[in-house]
Amino acid sequence: IGTSRPLADAIDLAKKVAPTDATVLLLGETGTGKELLARHAHRSSGRRGDFVAINCAAMPGELFEAELFGHVGGAFTGARREGSPGLLVAADGGTLLLDEVRELPLQLQAALLRFLDDQTVRPVGGHSTRRVDVQLLAATHADLDAAVQARHFREDLLYRLNTVSVTLPPLRSRRDLPQAVRWVLQGLAPQQRIDGEAVTRLARHGWPGNFRELRAVLTRALLQRPAAEAARPLSLADIQAVLPEAAAPAAAAP
């Protein structure tokens, strides 16, 4: 939601590329809404399959390949007896989002590159392959060029993922921040309002955590008020109580 021009440009580009088979790299600071944009792109794509998201930072490296490509029964210690088709098969006909793709283990980066070349899946411990139709989206807040220089990310995979890149603007740079504040607040408490001074204070904050941080600040402001005052709009005092202004630096001694 919003009227920010950079945001509108990002949404338009995502919708334009969604019906194609191009891989898309979603860039932006943490909390800017990359998964939300990925879901919007999936809905715009016309694909009938599912939207499947996986956080590369949350999956143990030794299990990642089996989760992504599937495995046959008994392929490794702890494997399901009946096997598993894997997330790429689950997304067949739809969209797979690899969030925090910078954290993908190097071994899997090579396997993902092979998949992008032929769209075939071979489960861990298996011999047969299966072709799937998956549009791959990758998202990160990290500098992948720097990761390539540090040999933590494959340069050829970056080229393959970065067919089209879409960058979401940080919250602090958006001129429609007051609208964003009211939208988040409505999601937390549909009948709740916020006054202009409180919004002005929120607009002065840098928002390193973007929408995640904004949601947390508004939640704290709502919860800390006395129950008897729940009907009034959130005020500057409510916001200052949970987001105090940074202290001005002390003047140097003469």
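One can find the structure itself at the top, above this paragraph.
Residues numbered from 1 in each chain as written. Predicted model: local features only at pLDDT ≥ 70, side-chain atom pairs only at ≥ 80, totals over all residues. Heavy atoms only, no water.

Bringing the packing of aromatic side chains into the picture now. The full count for this structure, using the stated rule, is one aromatic pair. Aromatic pair Trp 183 and Phe 211: ring centres 6.2 Å apart, planes at 85°, arrangement edge-to-face. Of this pair, Trp 183 sits in helix α8 (residues 177–188) while Phe 211 sits in helix α10 (residues 210–224), and the two are 28 residues apart along the sequence. The class for Trp 183 is partly exposed, based on a relative accessible area of 34%. You can call Phe 211 buried: its relative accessible area is 11%. (Phe/Tyr/Trp six-rings, centres within 6.5 Å; stacked < 30°, edge-to-face > 60°. Helix = DSSP H or I, 4+ residues; strand = E, 2+ residues; numbered from the N terminus. Buried < 20%, exposed > 50% of the residue type's maximum accessible area, 1.4 Å probe, protein only.)

Once that is clear, we can look at the environment of Thr 95. Tracing the backbone shows Thr 95 in strand β3 (residues 95–99). By relative accessible area, Thr 95 is classed as buried at 1%. Beyond its immediate chain neighbours, meaning those up to four positions away, Thr 95 contacts His 42, Arg 47, Asp 50, Phe 51, Val 52, Gln 135 and Leu 137. There is a polar contact of 2.8 Å between the side chain of Thr 95 and the side chain of His 42. (Contact = heavy atoms within 4.5 Å. Polar contact = N/O pair within 3.5 Å; in protein donor to acceptor, adjacent residues only side chain to side chain.)

This part takes up helix α9 (residues 196–203). The α-helix advances 3.6 residues per turn, and as a result positions three or four apart in sequence lie on the same side. Buried residues of α9: Ala 198, Val 199, Arg 201 and Leu 202, and no others. The buried residues of α9 occupy an angular sector of 160° when projected down its axis, which confines them to one face. Looking at the buried positions of α9, the neighbouring elements they touch are α8, α10 and α11 (236–242). The residue sitting at the N-terminus of α9 and contributing the capping side-chain oxygen is Asp 195; that oxygen lies 3.3 Å from the backbone nitrogen of Glu 197. (Arc of directions from axis to C-beta.)

If you walk across this open sheet you meet the five strands as β2-β3-β6-β1-β7, and the pairing is parallel. The open sheet is flanked by β2 (51–55) and β7 (164–167), the only strands paired with a single partner. Direction aside, the axes of adjacent strands within the sheet are offset by 20° on average. One ladder, built from five bridges, connects β2 with β3; its direction is parallel. For Val 52, the partnering residue across the bridge sits in β3 and is Leu 96. Against the sheet, helix α2 (residues 34–45) touches β1 (24–27), β2, β3, β6 (135–140) and β7, its axis set at about 160° to β2. (Pairing = 2+ DSSP bridges. Axes fitted to C-alpha atoms, helices over the stretch in contact; angles between N-to-C directions.)

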